[in-house]
Amino acid sequence: MRPRIRALTLRARLTVLVVSAVAVAVVAVSLTSWLVTRANLYRQFDAQLQAYAQVAAKSATPAEALTALRTTDHDGGDTGHGLGLTVQFLNAAGKPTAVGGEASAIPVGPEAHQVAAGAVTVGSEEDKIGSDRYRVWIAARPGGGAVQVARDSEGVERTLAELGLWEFGVGFSVVLAAALIGRAVARTALRPVETLTAAAGEVARTQALSAEITVTGRGELALLAESFNAMLTALATSRDDQRRLVEDAGHELRTPLASLRNNIELLIHVQSSSGLPADDHTRLLADLDAQSAELTDLVGELVELATGDRSPETVEPVELGDVVRAAVERARPRAPGVRFELSAAEAVVRGRPAALERAVLNILGNAAKWSPPGGVVTVTLAAEDGVARLVVADEGPGIAEADLPHVFERFYRAASARALPGSGLGLAIVEQVVLQHDGRVTAANGEPAGARFEVTLPRDGVS
């Protein structure tokens, strides 16, 4: 049954659930109503029959009893068909002595024997006389023995059968109406879901992430529509960033590749002609080596940017002071003309050690590139309330005001930096890593000169 239900549409499942709930409620109410009505009818029937038995017990013969009962009952009609009663007298031994009324005889059961013997004063039984079901009340007679008064319960049973048919008809109509209403409600309630489905199908078909669902009302479906719109916006932004990265990378790769090709063509041409002076040959090979290294660095940084969000490194507690010291040690051989002054406090953060070291190394490399010969790069790591603050300051010319808003953009290079080596991706990688660690990085001009980069990261275990 469950696989069949799961194969239904959501609208059909909602309709089935509504109909099932209504059907259970209708059955419960109808059954309870029928049982309560049955109990009340039989209670009234038995109460009247008991009163008849007490009147008959005072009569001398069944005929007198029936006459007395006819005068006390207001239903009218004769004794055989108006009241439908049978009166039977019993002696003290429980043997029938006289009978009158509709039936020829009433079976004498254990209750009748006990009343006739004087053990109890009243009793009741349910007997079948012929093909009819009778309810019997027994009452003790003043002179000994007992009287049985029986009445066919066909009228009560017929009333209950009619009531059952009516309740079945009304219940079936209610369930049918619930099915129609449930289908209409399900269609109305699921219209936003159908809109979402259509929008998702349109996006899958056209690859157009600009589609947007109009959000109406409040509640879960409105929140779902808002989340879908936010997802489309995020996907569109991600795709735009990816396309821009590819376009920028293609633009940046074009120059070193063209230079490499020209130099290689020159070498081939020279080798096939008269040769090249040794100095020019050495210089050409050095250019090829530098361009190859530049191209390698550019490809590596592109890969870093593209895979930064999916780094295989696990996040763990990291002593940031150790990371900064390791980065400074790696930066010193790369910039022999620059002095690095380090002051690092102990500060534990949660993050990826290699990514953090790469980010710090990129900041140090940028500071060293802009430092004058013999310049000093000051590196300070402080552990403050809840955060670890890393400040890197150099003694270079600083950052032009027009360039400050763009220093962390991919491939952005200031006019003064275009003659210097570099891909324009180092600081973009810094910002990506810092944001992945829930931190913040800023760039500003120092006092009295130079550039100042500040990284703030939340400390582990400090709130």
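Residues numbered from 1 in each chain as written. Predicted model: local features only at pLDDT ≥ 70, side-chain atom pairs only at ≥ 80, totals over all residues. Heavy atoms only, no water.

A. Molecular detail of the sheet that holds strand β3 (residues 122-129). In spatial order, the strands read β2-β1-β5-β4-β3; together these 5 strands make up an open sheet with antiparallel pairing. The strands lining the two open edges of the sheet, one partner per strand, are β2 (96-101) and β3. Adjacent strand axes in the sheet meet at a mean angle of 20 degrees when their direction is disregarded. Strand direction decides the pairing type here: strand β4 (residues 132-140) and strand β5 (residues 146-152), joined by 7 bridges, are antiparallel. The residue of β5 that forms the bridge with I138 is Q148. Where helix α2 (residues 10-56) meets the sheet, it contacts β1 (85-90), β4 and β5, and its direction lies at approximately 145 degrees from that of β5. (Pairing = 2+ DSSP bridges. Helix = DSSP H or I, 4+ residues; strand = E, 2+ residues; numbered from the N terminus. Axes fitted to C-alpha atoms, helices over the stretch in contact; angles between N-to-C directions. Contact = heavy atoms within 4.5 Å.)

B. Structural view of unusual backbone geometry. In this structure, the amide linkage connecting E447 to the following residue, P448, adopts the cis form with an omega of 0 degrees. Here P448 lies in the loop between β11 (440-445) and β12 (451-458). The phi dihedral of D438 falls on the positive side, at around 60 degrees, and the residue is not glycine. Within the secondary structure, D438 sits in the loop between α12 (426-436) and β11.

C. Geometry of the sheet that holds strand β10 (residues 387-393). In space, the 5 strands of this open sheet follow the order β7-β9-β10-β12-β11, with mixed pairing throughout. The sheet is open, and its two borders are formed by β7 (339-344) and β11, each paired with just one other strand. In this sheet, adjacent strand axes meet at a mean angle of 15 degrees when their direction is disregarded. Here β11 pairs with β12 via 6 bridges, running antiparallel. Bridge pairing links A443 to F453 in β12. Where α12 meets the sheet, its contacts fall on β11 and β12, and the angle it forms with β11 comes to roughly 140 degrees.

D. Up close: the pairing of strand β8 (residues 348-351). Judged by which residues are buried, β8 turns out to be one-sided: V349 and G351 face inward and are buried, whereas V348 and R350, on the alternate face, are not. For strand β6 (residues 316-319) and β8, the ladder comprises 4 bridges, and the chain directions are antiparallel. By the bridge assignment for β8, E316 is matched with G351. (Buried < 20%, exposed > 50% of the residue type's maximum accessible area, 1.4 Å probe, protein only.)

E. Geometry of the packing of aromatic side chains. Evaluated as defined, the whole model comprises 2 aromatic pairs. Between F168 and F172, the aromatic rings sit 6.4 Å apart at their centres with planes inclined by 20 degrees, giving stacked as the arrangement. Of the two residues, F168 and F172 both sit in helix α6 (residues 154-189), 4 residues apart, roughly one turn of that helix. Just as F168 is exposed, F172 falls in that class too. Judged by centre distance (6.2 Å) and plane angle (85 degrees), the rings of F408 and F453 are edge-to-face. Remark: F453 occurs in strand β12 and F408 occurs in the loop between β10 and α12; sequence separation between them is 45 residues. The exposure classification of F408 matches that of F453, with both residues buried. (Phe/Tyr/Trp six-rings, centres within 6.5 Å; stacked < 30°, edge-to-face > 60°.)

F. Structural view of the confidence of the model for the chain. Per-residue confidence for the chain averages 80 on the pLDDT scale, and 79% of its residues sit at or above 70. Per-residue pLDDT stays below 50 along residues 75-82; that stretch engages in 12 contacts with residues further than four places along the chain or on separate chains. (pLDDT = per-residue confidence, 0-100.)

G. Up close: the side chain of R352. By the element assignment, R352 lies in the loop between β8 and α11 (353-370). Within polar-contact distance, the side chain of R352 engages the side chain of Q436 at 2.5 Å. (Polar contact = N/O pair within 3.5 Å; in protein donor to acceptor, adjacent residues only side chain to side chain.)

H. Layout of the packing of helix α10 (residues 320-334) against α11. It is at 9 Å that the axes of α10 and α11 come closest, and there the two elements cross at 45 degrees. Relative to α11, the element α10 is oriented oblique. Relative to α11, α10 is oriented so that their crossing is right-handed. Contact residues: α10 offers L320, V323, V324, A326, A327, V328, R330, A331 and R334, while α11 offers P353, L356, E357, V360, L361 and L364. In terms of residue class, the contact of α10 with α11 is made up of 12 nonpolar, no polar and 3 charged. (Parallel < 35°, antiparallel > 145°, perpendicular 65-115°, else oblique. Left-handed = near helix turned anticlockwise from the far one by under 90°. Nonpolar A, V, L, I, M, F, W, Y, C, P; charged D, E, K, R; others polar.)

I. Focus on α10. With 15 residues, α10 should cover 21 Å at 1.5 Å per step; its first-to-last C-alpha distance of 22 Å lies within 8% of that length. Those residues of α10 lying buried are L320, G321, V323, V324, A327, V328 and A331. Buried residues along α10 cover an arc of 155 degrees about the axis, so they all sit on one side. (Expected span 1.5 Å × (residues − 1). Arc of directions from axis to C-beta.)

J. Broad picture of the pattern of salt bridges. Enumeration over the complete set of coordinates arrives at 13 salt bridges. Where E384 meets R389, a salt bridge forms, and the shortest distance between an N and an O atom there is 3.0 Å. For E384, a relative accessible area of 32% puts it in the partly exposed group. Connected through salt bridges with shared partners, the residues D46, E126, R133, R135 and E157 form a single ionic network. (Salt bridge = Lys/Arg side-chain N within 4 Å of Asp/Glu carboxyl O.)

K. Molecular detail of the nonpolar core. The biggest cluster of nonpolar side chains holds 41 residues, and the ones touching the most others in it are L320, F340 and L364. If one sorts the elements of this core by residue count, α11 sits on top with 9 residues. In contact with L364, other than residues within four places in its own chain, are A327, V328, A331, F340, V377, V379 and V392. (Core = buried A, V, L, I, M, F, W, Y, C linked by side-chain atoms within 4.5 Å.)

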